[in-house]
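So the chains spell out like this:
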Amino acid sequence: MDFAVNQYLLTGDEPLLFHTGMRGLFPDVSAAAASVMPIKSLRWIGFGHVEADECGSMNEWLGVAPDATVVQGAIGCMVSIGDMADRPPRPLSPGEKLDLGGHCVEWIDTPHVPHAWEAGVLFDHTTRTLFCGDLFSQYGNYAPATTDDIVTPAIEAEDAFASMSLHPASSSIMRGLAALDAATLALMHGPVFSGDCRRALHDLADDADRRVAALT
């Protein structure tokens, strides 16, 4: 089954990599980043939650970027990253912003959405891009960017994988993200979506409500 893993590089005065990929992908991902900028100039390494595809090569990046710091939510830094990372991480409080010099990004806690206690997303206020991690995950072949429906493929993938940590607050967290009024959704496992992001998040929240109701 085809299943893509995306990484996003935000350039600026203090470049940020969101998602590192697994350790085995480090040579390819670092080579791609090096085609854009000197990788030793990387300043921040971020990810949505602690999982191999999100942060597996975290320490490899720290090794080649001497001024880089891992940045994640306070819970993730406390329970996992503070021990796993080769250098101390920089914990972010909910709603805290980082000025990258060209991009201003905000950390938003989304506990257990789509999974993991330390889960969170990053919102770039400069481009109105929501780096939404495993939300809207899909499988199969697809173009790098789309304006097509991303909700139906995400529902089909959830039917197949049952990867979400469903709980009564799941949909309200998604609806809170919809209120950001993002112009673009940068998926980890799927294409970059430009379209009605608010509607897509509300539709995904409706599906979460349906799934929670079926469990009660």
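To be clear, the structure that these remarks concern was listed above.
The following paragraphs examine the structure supplied in this document.

Rules of the game
Residues numbered from 1 in each chain as written. Predicted model: local features only at pLDDT ≥ 70, side-chain atom pairs only at ≥ 80, totals over all residues. Heavy atoms only, no water. Phe/Tyr/Trp six-rings, centres within 6.5 Å; stacked < 30°, edge-to-face > 60°. Helix = DSSP H or I, 4+ residues; strand = E, 2+ residues; numbered from the N terminus. Buried < 20%, exposed > 50% of the residue type's maximum accessible area, 1.4 Å probe, protein only. Lys NZ or Arg CZ within 6 Å of the ring centre and 35° of its normal. Expected span 1.5 Å × (residues − 1). Contact = heavy atoms within 4.5 Å. Patch = residues over 30% accessible without salt bridge, like charges linked within 9 Å, V, L, I, M, F, W, Y side chains within 5 Å. Areas by Shrake-Rupley, 256 points an atom, 1.4 Å probe, with all protein chains shown as cover. Salt bridge = Lys/Arg side-chain N within 4 Å of Asp/Glu carboxyl O. Axes fitted to C-alpha atoms, helices over the stretch in contact; angles between N-to-C directions. Parallel < 35°, antiparallel > 145°, perpendicular 65-115°, else oblique. Left-handed = near helix turned anticlockwise from the far one by under 90°. Nonpolar A, V, L, I, M, F, W, Y, C, P; charged D, E, K, R; others polar. Disulfide = S-S within 2.5 Å.

Let us look at the packing of aromatic side chains. The geometry of two aromatic rings is summed up by the distance between their centres and the angle between their planes. Evaluated as defined, the whole model comprises 5 aromatic pairs. Ring geometry for Phe 26 and Trp 61: centres 5.2 Å apart, planes at 85°, overall edge-to-face. Pair noted here: Phe 26 is in helix H1 (residues 26-34) and Trp 61 is in helix H3 (residues 58-64), with a separation of 35 residues, a long-range link. Neither Phe 26 nor Trp 61 differs from the other in exposure class; each is buried. Cluster of aromatic residues (ring-pair linked, three or more members): Phe 3, Tyr 139 and Phe 161. The ring of Trp 44 carries Arg 43 above its face, with NZ or CZ at 4.1 Å from the centroid.

Structural remark: α-helix, 3.6 residues per turn; residues separated by three or four positions point the same way. Compared with an ideal rise of 1.5 Å per residue, which puts 19 residues at 27 Å, helix H7 (residues 197-215) spans 27 Å between its outermost C-alpha atoms and is within 8% of the ideal. Along its buried surface, H7 packs onto strand E9 (129-131), helix H5 (151-161), helix H6 (170-178), strand E11 (184-186) and strand E12 (192-194).

This part covers a nonpolar patch on the surface. Together, Phe 3, Tyr 139 and Phe 161 make up an exposed nonpolar region whose accessible area comes to about 260 Å². The exposure class of Phe 3 is partly exposed, given its relative accessible area of 38%.

Attention now moves to the pattern of salt bridges. Taken as a whole and assessed by the stated rule, the structure comprises 9 salt bridges. Among the ionic pairs, Asp 181 bridges to Arg 128, the shortest N-O distance being 3.7 Å. Of this pair, Asp 181 sits in the loop between H6 and E11 while Arg 128 sits in the loop between strand E8 (120-124) and E9; the two residues are 53 residues apart in sequence, bridging distant segments of the chain. Salt bridges here are not isolated pairs; linked through shared partners, they connect Asp 159, Asp 207, Arg 210 and Arg 211.

What follows is about the packing of H5 against H7. A pair of packed helices can be characterised by two numbers: the angle between their axes and the separation between those axes. Interhelical geometry of H5 versus H7 gives an angle of 30° and a closest axis separation of 10 Å. Considering the angle they form, H5 stands roughly parallel to H7. Note that H5 runs across H7; the crossing there is right-handed. Between H5 and H7, the contacting residues are Val 151, Ala 154, Ile 155, Glu 158 and Asp 159 on the first element and Ala 200, Asp 203, Leu 204, Asp 207, Arg 210 and Arg 211 on the second. Looking at side-chain class alone, the contact of H5 with H7 contains 5 nonpolar, no polar and 6 charged residues.

The tally for this structure, following the rule as stated, stands at 0 disulfides. This cysteine, Cys 104, is not joined by any disulfide, and Cys 132 carries the nearest cysteine sulfur, 19 Å off. The cysteine Cys 132 is free of any disulfide, with Cys 197 supplying the nearest cysteine sulfur at 8.4 Å. Given a relative accessible area of 1%, Cys 132 falls into the buried group.

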